[in-house]
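# Results of the structural survey
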Amino acid sequence: MKTKVTWLLTAILICLTATLVSSCKDKEMQDVFGAANIVGTWNSSKTRPTTTLSTSYQTNVKGIITFEASGSFHEDNGKSGRWTFKDNELTLYYPNGEGRSMRYAMQDGYNRDQMTLTATFKADDGFTYTSSLILYR
């Protein structure tokens, strides 16, 4: 009898554990995985913001960017700020007017060695601009 009760309690605990684990939101797990993958030093290539009307301004700016686990980042051009990663979006916050805060959406196919992120924003001039950030090791 005691063995049956023990087996039954074990089965119940296994079912409850499976329910709790499966109830974790996939997006939350992706956020944890994505943020962990971003931490470190990366080579970077940025395209300057362009509109669909004018692609002549599209040039690459290459550099190095380091993302700290503390949520801060710094670029080799002297700019620094804070970063967050949520819902597959990397947001860079530049204090003191060092740059425009940007929210980049992670593109499919990222891994620990290369990530492509894209930002789209509406500027004061009324145009919608697109910029990309490519991180690679």
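Residues numbered from 1 in each chain as written. Predicted model: local features only at pLDDT ≥ 70, side-chain atom pairs only at ≥ 80, totals over all residues. Heavy atoms only, no water.

A word on the overall build of the protein chain. Helix and strand content of the protein chain: two helices and eight strands. The linear arrangement of helices and strands in the protein chain, starting from the amino end, is α-α-β-β-β-β-β-β-β-β. Evaluated residue by residue, the protein chain yields a buried proportion of 29% over its 137 residues. When contacts within the protein chain are restricted to residue pairs at least 6 apart in sequence, long-range pairs at least 24 apart make up 38% of them. (Helix = DSSP H or I, 4+ residues; strand = E, 2+ residues; numbered from the N terminus. Buried < 20%, exposed > 50% of the residue type's maximum accessible area, 1.4 Å probe, protein only. Contact = heavy atoms within 4.5 Å.)

Attention shifts here to the packing of aromatic side chains. If you walk through the whole model with that rule in mind, you get five aromatic pairs. Seen from their ring centres, Phe73 and Tyr94 are 5.3 Å apart, and the 85° between their planes marks the pair as edge-to-face. Of this pair, Phe73 sits in strand S3 (residues 72–75) while Tyr94 sits in the loop between strand S5 (89–93) and strand S6 (102–106); the two residues are 21 residues apart in sequence, bridging distant segments of the chain. Residue classification places Tyr94 among the buried residues on the basis of a relative accessible area of 12%. Relative to Tyr129, the ring of Phe121 has its centre 5.8 Å away and its plane inclined at 20°; by these criteria the two rings are stacked. Judged on exposure class, the residue Phe121 and its partner Tyr129 are both buried. (Phe/Tyr/Trp six-rings, centres within 6.5 Å; stacked < 30°, edge-to-face > 60°.)

Moving on to the pattern of salt bridges. Under the definition given, this model contains two salt bridges. Residue Glu75 pairs with Lys46 through a salt bridge whose shortest N-O separation is 3.2 Å. Note that Glu75 is positioned in strand S3 and Lys46 in strand S1 (residues 40–47), a separation of 29 residues in sequence. The two residues Glu75 and Lys46 agree in class, both being buried. Of the charged contacts in the structure, one is a salt bridge between Arg103 and Glu89, with a shortest N-O distance of 3.5 Å. Taken together, the residues span a long stretch of sequence, with Arg103 in strand S6 and Glu89 in strand S5 at a distance of 14 residues. On the basis of relative accessibility, which here comes to 27%, the residue Glu89 falls in the partly exposed class. (Salt bridge = Lys/Arg side-chain N within 4 Å of Asp/Glu carboxyl O.)

A word on the nonpolar core. Judged by nonpolar contacts, the single largest core of 22 residues is most densely connected at Phe67, Trp83, Leu90, Leu92, Leu117 and Leu135. The set of elements that each furnish at least two residues to this core consists of helix H2 (26–38), strand S2 (60–67), strand S4 (80–86), S5, S6, strand S7 (114–122) and strand S8 (128–136). (Core = buried A, V, L, I, M, F, W, Y, C linked by side-chain atoms within 4.5 Å.)

A few words now on the sheet that holds S5. Read around the closed barrel, eight strands run S1-S2-S3-S4-S5-S6-S7-S8, paired in antiparallel fashion. Neighbouring strand axes in the sheet, compared pairwise and without regard to direction, differ in orientation by 30° on average. Both S6 and S7 contribute to a ladder of two bridges, which runs antiparallel. Bridging from a neighbouring strand, Met106 pairs with Leu117 of S7. (Pairing = 2+ DSSP bridges. Axes fitted to C-alpha atoms, helices over the stretch in contact; angles between N-to-C directions.)

Structurally, Lys122 is set in strand S7. Exposure remark for Lys122: the relative accessible area of 59% places this residue in the exposed category. Spatially, the C-alpha atoms of Lys122 and Thr51 are 9.9 Å apart, while their sequence positions differ by 71 residues. Setting aside residues no more than four positions away along its own chain, Lys122 makes contact with Arg100, Phe127 and Thr128.

Time to look at the environment of Phe121. Looking at where Phe121 falls in the secondary structure, it is placed in strand S7. Classification of Phe121 as buried rests on a relative accessible area of 14%. Spatially, the C-alpha atom of Phe121 lies 8.7 Å from that of Arg103, the residues being 18 residues apart in sequence. The residues touching Phe121, leaving out its near neighbours within four places in the chain, are Pro49, Arg100, Met102, Phe127, Thr128 and Tyr129.

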